[in-house]
Amino acid sequence: MIITCNGFVSFLRQISESDKFDENGNPLPATPQWCDPWPCNYRDITEELQRRKDADLIPVTVYKILCDYLPEPVQLAKRVRLYTDTLELIGEFAVSQSERKYFTRHIETITRG
């Protein structure tokens, strides 16, 4: 599947240093780290959700983000940063749903923020 890019997304990953240990011999905890911005297609689906749920107001902005598989494992990321096509930051959002699409080889992420 070819994705028409209109922005970039960066995922907050947990980097585990499995070969490093503290003074008691316990593995050091994973540290959060942002991956490099990756081309994506995003769209604001807040209004679409309001119509579908017949709600008066959804107080958060909801984005649907599509991107090709990344070379780094990001499917368990809890936060994303969304950028315009000129790398201006739109915002940082919590991930409410993320799914790896095997047939079309892309990642679909729904955010709330």
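Note that this is a predicted model, so its numbers are computed, not measured. In every chain, residue numbers begin from 1 and rise along the written sequence. This being a predicted model, a pLDDT of at least 70 is required before a residue's local features are given, and a value of 80 or more before pairs of side-chain atoms are given or counted; all residues contribute to the totals for chains, interfaces and linings. Just so you know, side-chain values use all the structure's heavy atoms and leave hydrogens and water out.

Here we look at the pairing of strand β6 (residues 89-101)
DSSP-based pairing: two strands are paired if at least 2 bridges between them are found. The helix and strand labels rest on DSSP assignments: H or I over at least four residues marks a helix, E over at least two residues marks a strand, and numbering proceeds from the N terminus. As judged from the five bridges shared by strand β5 (residues 79-84) and β6, these two strands associate in the antiparallel manner. Note on β6: the bridge partner recorded for Tyr-83 is Leu-89. Connecting β5 to the antiparallel partner β6 that follows it, the hairpin turn spans four residues, and Leu-87 within it adopts a positive phi of roughly 65 degrees.

Things to note about the nonpolar core
Residues Val-9, Phe-11, Cys-40, Ile-65, Cys-67, Val-80 and Leu-82 are the most contacted members of the largest nonpolar core, which totals 16 residues. Elements represented by at least two residues in this core include exactly β1 (7-15), β3 (38-44), β4 (62-68), β5 and β6. With three residues, the top contributor of residues to this core is β4. In this structure, Leu-82 is in contact with Phe-8, Cys-40, Tyr-42, Tyr-63, Ile-65, Glu-88, Leu-89, Ile-90, Gly-91 and Phe-93, ignoring residues within four places of it in sequence. Put simply, a nonpolar core is a bunch of buried Ala, Val, Leu, Ile, Met, Phe, Trp, Tyr and Cys residues held in one set by side-chain atoms that sit within 4.5 Å of each other. For every residue, the accessible area (1.4 Å probe, protein chains only) is compared with the maximum for its type, and the residue is labelled buried under 20%, exposed over 50%, or partly exposed between those bounds. When checking whether two residues touch, look at their non-hydrogen atoms; a contact exists if any pair is within 4.5 Å.

Overview of the pairing of β3
Put simply, side chains in a regular strand alternate between the two faces of the sheet. The pairing of β1 with β3 spans three bridges and is antiparallel. When the sheet's bridge partners are listed, Gly-7 is paired in β3 with Cys-40. Across four bridges, β3 lies against β4 in antiparallel orientation. Bridge pairing links Asn-41 to Leu-66 in β4.

Describing the packing of aromatic side chains
Whether two aromatic rings pair depends on their centres lying within 6.5 Å, for rings of Phe, Tyr and Trp, where Trp uses its six-membered ring; planes under 30 degrees apart make the pair stacked, over 60 edge-to-face, and the rest tilted. A complete count under the given rule lists two aromatic pairs for this structure. Summarising the aromatic geometry, the rings of Tyr-42 and Tyr-63 are spaced 5.9 Å apart at their centres and angled 75 degrees between planes, so their arrangement reads as edge-to-face. Of the two residues, Tyr-42 sits in strand β3 while Tyr-63 sits in strand β4, which places them 21 residues apart along the sequence. The two residues Tyr-42 and Tyr-63 agree in class, both being buried. Through a chain of ring-to-ring contacts, three or more aromatic side chains come together here, namely Tyr-42, Tyr-63 and Phe-93.

Let's talk about the side chain of Ser-10
Following the sequence through the fold, Ser-10 ends up in strand β1. Polar contact is defined as a pair of N or O atoms within 3.5 Å, subject to the rule that within protein one atom must be able to donate a hydrogen and the other to accept it, and that residues adjacent in sequence are counted only when both atoms are side-chain atoms. A distance of 2.4 Å separates a polar side-chain atom of Ser-10 from the backbone oxygen of Cys-35. Look past the residues within four positions of Ser-10 in its chain and what remains in contact with it is Trp-34, Cys-35, Asp-36, Pro-37, Arg-79, Val-80, Arg-81 and Tyr-83.

Considerations on unusual backbone geometry
For Leu-87, which is not a glycine, the phi torsion comes out positive at approximately 65 degrees. If you trace the backbone, Leu-87 turns up in the loop between β5 and β6. Assessed through its relative accessible area of 47%, Leu-87 is described here as partly exposed.

Some points on the environment of Gln-14
Within the fold, Gln-14 resides in strand β1. Exposure remark for Gln-14: the relative accessible area of 52% places this residue in the exposed category. The spatial distance from the C-alpha of Gln-14 to the C-alpha of Ala-30 is 5.5 Å, given a sequence separation of 16 residues. Beyond its immediate chain neighbours, meaning those up to four positions away, Gln-14 contacts Ala-30, Thr-31 and Pro-32.

Nothing here speaks to function; it is all geometry.
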